[in-house]
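# Summary of the model geometry
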Amino acid sequence: QVQLVESGGGLVQPGGSLRLSCAASRIIFSIYDMKWYRQAPGKQRELVAIISSGGSTGYADSVKGRFTISRDNAKRTVYLQMNSLKPEDTAVYYCNAHLDGSDSWGQGTQVTVSS
C-alpha cells in the first residue's frame, strides 16, 4: 500500500500547459511502476502515461508528443508535464502505483481546459 497525493491541476486555456505531481509515501518508491490515468464525465477511465521502475515510458496516442511522464526517485515523485492542452484533455487525473498485483491510487486532481 502506497499513499499517493496528486497536485498541480487547475483551469487553463487551450494551448496552455500544466505539470501534475504525485508524491508517494513509500521509501522503496523506486521499484514501483507509475501511471497516470484520467476520467472525464460519462467516459471510462483511460491510461494516459506509464513509466516503469526502469524508466521506460509509454503514452496514449491522444497525448503522445504533448505529454511527458517522468519520475524523481529521490523525491519519491512522478510528474506529468502537459503541453498544448486541448478541451478534450479535461478530466480528473489519477496517479497509480503498481507492484506485483498491488495497486494504489491518489485522490485525483481536476484539469479543466477552457477559454
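Here, the structure is the one placed above.
This is a predicted model, so every value here is computed, not measured.

### Details of a nonpolar patch on the surface
A contiguous nonpolar surface patch, about 300 Å² in accessible area, is contributed by Ile-27, Ile-28 and Ile-31. Relative to the assigned elements, Ile-31 resides in the loop between strand E3 (18–24) and strand E4 (33–39). Since its relative accessible area comes to 41%, Ile-31 is described here as partly exposed.

### Observations regarding the state of the cysteines
Summed over all chains, the structure comprises one disulfide. The disulfide partner of Cys-22 is Cys-95, and the gap between their sulfur atoms is 2.1 Å. One quick way to see it: the torsion about the S-S bond of Cys-22 and Cys-95 is about -85°, and its sign makes the bridge left-handed. With Cys-22 in strand E3 and Cys-95 in strand E9 (residues 91–99), this residue pair connects regions lying 73 residues apart in the sequence. Classification of Cys-95 as buried rests on a relative accessible area of 0%.

Definitions and limits used
Residues numbered from 1 in each chain as written. Predicted model: local features only at pLDDT ≥ 70, side-chain atom pairs only at ≥ 80, totals over all residues. Heavy atoms only, no water. Patch = residues over 30% accessible without salt bridge, like charges linked within 9 Å, V, L, I, M, F, W, Y side chains within 5 Å. Areas by Shrake-Rupley, 256 points an atom, 1.4 Å probe, with all protein chains shown as cover. Salt bridge = Lys/Arg side-chain N within 4 Å of Asp/Glu carboxyl O. Helix = DSSP H or I, 4+ residues; strand = E, 2+ residues; numbered from the N terminus. Buried < 20%, exposed > 50% of the residue type's maximum accessible area, 1.4 Å probe, protein only. Disulfide = S-S within 2.5 Å.

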